[in-house]
Amino acid sequence: MAERIYMVTSTQGTRLIKANLRQQALSHAAISTFTVRVATQDDLVAQLTAGTKIEQYKAPEQQELIEDSESPGN
């Protein structure tokens, strides 16, 4: 699989990331922006009291693959 340069945009700006897959580019950008851990009961009490809503994970929509003949540079 060929590497591509993906443009990853957020409220913090735009980054260009070379990766094999879109998800790899997103993970690379996210890991330097976010931390993730399991919430403790104290975390839940504090956040729910502060009005934070619990969000349900939703899988991203399937991305269409670009055929080789449609690839940039071909």
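Since this is a predicted model, take the numbers as computed values, not measurements. (Residues numbered from 1 in each chain as written. Predicted model: local features only at pLDDT ≥ 70, side-chain atom pairs only at ≥ 80, totals over all residues. Heavy atoms only, no water.)

> Explain the overall build of the chain here, please?
What the chain contains, in helices and strands, is two helices and two strands. Each helix and strand of the chain, placed in order from N terminus to C terminus, yields the pattern β-β-α-α. Counting across all 74 residues of the chain, residues that qualify as buried make up 9%. Across the chain, every contact between residues at least 6 apart in sequence was considered, and the portion connecting residues at least 24 apart equals 7%. (Helix = DSSP H or I, 4+ residues; strand = E, 2+ residues; numbered from the N terminus. Buried < 20%, exposed > 50% of the residue type's maximum accessible area, 1.4 Å probe, protein only. Contact = heavy atoms within 4.5 Å.)

> What exactly am I supposed to notice about a nonpolar patch on the surface here?
Together, I5, M7 and L16 make up a nonpolar patch on the protein surface, roughly 380 Å² of accessible area in all. Among the secondary structure elements, L16 is positioned in strand β2 (residues 13-19). For L16, a relative accessible area of 65% translates into the label exposed. (Patch = residues over 30% accessible without salt bridge, like charges linked within 9 Å, V, L, I, M, F, W, Y side chains within 5 Å. Areas by Shrake-Rupley, 256 points an atom, 1.4 Å probe, with all protein chains shown as cover. Salt bridge = Lys/Arg side-chain N within 4 Å of Asp/Glu carboxyl O.)

> Before we go on, may I ask you to explain the pairing of strand β1 (residues 4-10) in this structure?
Taken residue by residue, a regular strand's side chains alternate between the two faces of the sheet. Note: β1 against β2, seven bridges, orientation antiparallel. The partner of R4 across the bridge, within β2, is A19. Connecting β1 to the antiparallel partner β2 that follows it, the hairpin turn spans two residues. (Pairing = 2+ DSSP bridges.)

> Before we go on, may I ask you to explain the nonpolar core in this structure?
Soluble globular proteins tend to pack their nonpolar side chains together in the buried interior. Core analysis: the biggest nonpolar cluster contains six residues, these being Y6, V8, I17, A19, A25 and A29. Those elements giving two or more residues to this core turn out to be β1, β2 and α1 (22-31). Here I17 is in contact with R4, I5, Y6, V8, A25, H28 and A29, once residues within four sequence places are set aside. (Core = buried A, V, L, I, M, F, W, Y, C linked by side-chain atoms within 4.5 Å.)

> Looking at this structure, I do not really get the pattern of salt bridges. What am I missing?
Across all of its chains, the model carries one salt bridge by this definition. For R37, the salt bridge is made with D43, and the minimal N-O distance between the two is 2.6 Å. For R37, a relative accessible area of 62% gives the class exposed.

> Help me understand the confidence of the model for the chain in this model?
When pLDDT is low, close inspection of the predicted coordinates is not appropriate. For the chain, mean pLDDT is 87; residues scoring 70 or higher make up 82% of the total. Confidence, read as mean pLDDT per element, is least for α1 in the chain (94) and greatest for helix α2 (residues 41-49) (97). (pLDDT = per-residue confidence, 0-100.)

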